[in-house]
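Below, each chain spelled out in residue letters.
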Amino acid sequence: MNRINKKLQENRKLLSIYFTAGYPNLEDTVPIIEKLEESGVDMLEIGLPFSDPLADGPTIQQSSTQALKNGMTTVKLFEQLKDIRKTVSIPLIIMGYFNPMMQYGVEAFCKKCSEIGIDGLIIPDLPVDVYHDQYQEIFEKYGLINVFLITPQTSEERINFIDSVSNGFIYMVSSASVTGAKSNFGDVQNTYFQRIDAMKLKAPQIVGFGISNADTFNAATKYAKGAIIGSAFVKMIKDKGIEGIDKFVKDIRP
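Throughout this document, residue positions are counted from 1 along each chain, in the order its sequence is written. Only residues with pLDDT of 70 or above have their local features reported here, since the model is predicted, and side-chain atom pairs are shown and tallied only from 80 upward, although totals for entire chains, interfaces and linings are computed over all residues. As a rule here, side-chain values cover all heavy atoms of the structure and leave hydrogens and water aside.

### Regarding the packing of aromatic side chains
Working step 1: Any two of the Phe, Tyr and Trp rings considered here, Trp counted by its six-membered ring, make a pair once their centres fall within 6.5 Å; the pair's planes then place it as stacked at under 30 degrees, edge-to-face at over 60, or tilted in between. For the structure shown, the criterion picks out ten aromatic pairs.
Working step 2: Seen from their ring centres, Y131 and F139 are 5.0 Å apart, and the 90° between their planes marks the pair as edge-to-face. Comparing Y131 with F139, the two get one shared label, buried.
Working step 3: Between Y171 and F209, the aromatic rings sit 6.1 Å apart at their centres with planes inclined by 90°, giving edge-to-face as the arrangement. Highlighted residues: Y171 in strand 7 (residues 170-173) and F209 in the loop between strand 8 (205-208) and helix 10 (214-220), separated in sequence by 38 residues. Comparing Y171 with F209 shows no difference in burial state: the two are buried.
Working step 4: Each residue in the set F78, Y104 and F109 is aromatic and connected to the rest through ring pairs, giving one cluster. Relative accessible area decides the class of each residue, using a 1.4 Å probe on protein chains only: under 20% of the type maximum gives buried, over 50% gives exposed, and in between gives partly exposed. Strands are runs of DSSP state E lasting at least 2 residues, helices are runs of H or I lasting at least 4, and numbering of each runs from the N terminus.

### Comments concerning the environment of S63
Working step 1: Looking at where S63 falls in the secondary structure, it is placed in helix 3 (residues 58-70).
Working step 2: What makes S63 buried here is its relative accessible area of 0%.
Working step 3: Note on contacts: a residue pair qualifies if any of its non-hydrogen atoms lie within 4.5 Å across the two residues. If we ignore the near neighbours within four places in the chain, the residues touching S63 are T20, Y23 and V234.

### Things to note about the confidence of the model for the chain
Working step 1: Confidence of the predictor at the level of single residues is given by pLDDT, which spans 0 to 100. Here the chain shows a mean pLDDT of 93. Residues at 70 or above account for 94%.
Working step 2: Predicted confidence is poor over residues 178-182, with pLDDT under 50, and the contacts of this stretch with residues over four places away or in other chains come to 25 contacts.

### Details of the pattern of salt bridges
Working step 1: One speaks of a salt bridge when a side-chain nitrogen belonging to Lys or Arg is within 4 Å of a carboxyl oxygen belonging to Asp or Glu. This model, assessed by the stated rule, comprises 18 salt bridges.
Working step 2: One salt bridge connects K86 with D83, and the closest N-O pair in it is separated by 3.5 Å.
Working step 3: Across the pair E115 and K112 runs a salt bridge, and its minimum N-O distance is 3.9 Å. Taken together, the residues E115 and K112, both in helix 6 (residues 106-116) and three residues apart, mark about one turn of the helix.
Working step 4: Residue K112 is classed as partly exposed on the basis of its relative accessible area, which comes to 28%.
Working step 5: A single salt-bridge network, built from bridges that share partners, covers K7, E10, R12, D42 and R253.

In structure tokens:
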């Protein structure tokens, strides 16, 4: 069974962390992963930086720009992760845009992910229908889960189609805006969380965008299986470095 599916079966709310590979420093990728697992995080999203991100807020955009300046590439990331399964057992997901994957070769990219122990991919600019028609067989051949995003604007019909194609979890974007930390959620978000919960989808939902502290983590996971923290973590790692990881995680989920 894929590590993501095993993790989703655990009887607790899951904490997933997003960070940008190669940031703040090029060789920080593996030490950050190892420290996050040690601190009790359930799952990780490793951001593959891209020069033209769509949904990323300023914090993650800046980290991507710096990582690219540092020399991060697809090839470099695979090189850094080649022995990651010797030290890390939690699910690892690469989050990135489709362009670098196409440049590498979609099948070659999936094969490499499988070889080094990546469990899934999040590709915000790969529409679910294109994936279903053209790439699903390749992903499944290499045992990779592809995670799709839904937003408050996604139609019920499309959510049901995404649910039918999903074999892991659904990434539930908390708002229509770009990524970024918020101090709390309003009525609009809470109504949206309840609406999706009432649909009784087969795939569990994990909420992303706007999770930054224990309050937003708890609010997001009231109706969902887990939550993803990105911008707040990226900002912390810039300000405090790897030494700040343990306190950051314990503050979210003691």
